[in-house]
Amino acid sequence: MDKTTLEASFDSQEEAEAAVRKLTALRGDRFRMESAAAGADFGSKAGRQDAIASGVASAMLYGGAELEAAEELGTGAAEYGPGASKAATIHLTADIPGESVEQARRVIQDTGGTLA
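Reading guide: rules and limits
- Residues numbered from 1 in each chain as written.
- Predicted model: local features only at pLDDT ≥ 70, side-chain atom pairs only at ≥ 80, totals over all residues.
- Heavy atoms only, no water.
- Helix = DSSP H or I, 4+ residues; strand = E, 2+ residues; numbered from the N terminus.
- Salt bridge = Lys/Arg side-chain N within 4 Å of Asp/Glu carboxyl O.
- Buried < 20%, exposed > 50% of the residue type's maximum accessible area, 1.4 Å probe, protein only.
- Core = buried A, V, L, I, M, F, W, Y, C linked by side-chain atoms within 4.5 Å.
- Arc of directions from axis to C-beta.
- Contact = heavy atoms within 4.5 Å.
- pLDDT = per-residue confidence, 0-100.

As for the environment of Met33
Take Met33: it is sitting in strand S2 (residues 29-35). Between the C-alpha atom of Met33 and that of His91, which follows or precedes it by 58 residues, the distance is 5.5 Å.

Laid out in structure tokens, this is it:
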């Protein structure tokens, strides 16, 4: 099955999570959320127990779909400057089956995202 990787930006983690839930229904997978304020290394302070709890929560929310996020994206954003949590953009990438790409683009836009 052909897959296309879509990239999008969201103003909040909640919008990105709403998009992931809907994209999962379109058989999307390999989701990756990243906070622009914290960079790729956000979550390096998360302990093993937090990582396990996060994995369990992801499995419950998103079923069998893979979601890569080390911790709550908004936590710790204040460490990166004043007002960082408000201005932080959430970047989302996802692999979408070829036949669902147009529908996935609409889902991203409808949930408040901007395609890259």
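Concerning the pattern of salt bridges
Inspection of every chain in the model, using the stated rule, returns three salt bridges. We note a salt bridge from Arg105 to Glu102, for which the minimum N-O separation is 2.7 Å. With a gap of three residues between them, Arg105 and Glu102 both fall in helix H4 (residues 101-110), about one helical turn apart. Glu102 sits in the partly exposed class, given a relative accessible area of 47%.

Considering the nonpolar core
Grouped together as the largest cluster of nonpolar side chains are 18 residues, with contacts concentrated most on Phe10, Leu23, Leu92 and Ile96. Broken down by secondary-structure element, the contributors of at least two residues to this core are strand S1 (3-10), helix H1 (13-25), S2, strand S4 (90-97) and H4.

Thoughts on H4
Taken as a whole, H4 has its buried residues at Val101, Ala104, Val107 and Ile108. Projected onto a plane normal to the axis of H4, the buried residues spread over an arc of 115 degrees and lie on a single side. Here the buried face of H4 lies against S1, H1, S4 and strand S5 (114-115). One or two positions beyond H4, positive phi appears at Gly112, with a value near 100 degrees.

So, the environment of Asp11
Of note, Asp11 is situated in the loop between S1 and H1. Residue Asp11 is classed as exposed on the basis of its relative accessible area, which comes to 59%. Sequence separation of Asp11 and Gly113 is 102 residues, and the distance between their C-alpha atoms is 7.5 Å.

Observations regarding the confidence of the model for the chain
Per-residue pLDDT for the chain has a mean of 75; in total, 57% of the residues score no lower than 70. Averaged over each element, pLDDT in the chain is lowest for helix H3 (residues 84-87) (46) and highest for H4 (97). The low-confidence segment residues 40-48 (pLDDT under 50) makes 14 contacts with residues lying over four places distant or belonging to another chain. Here residues 76-86 scores under 50 on pLDDT; set against residues more than four positions off or in separate chains, the count is six contacts.

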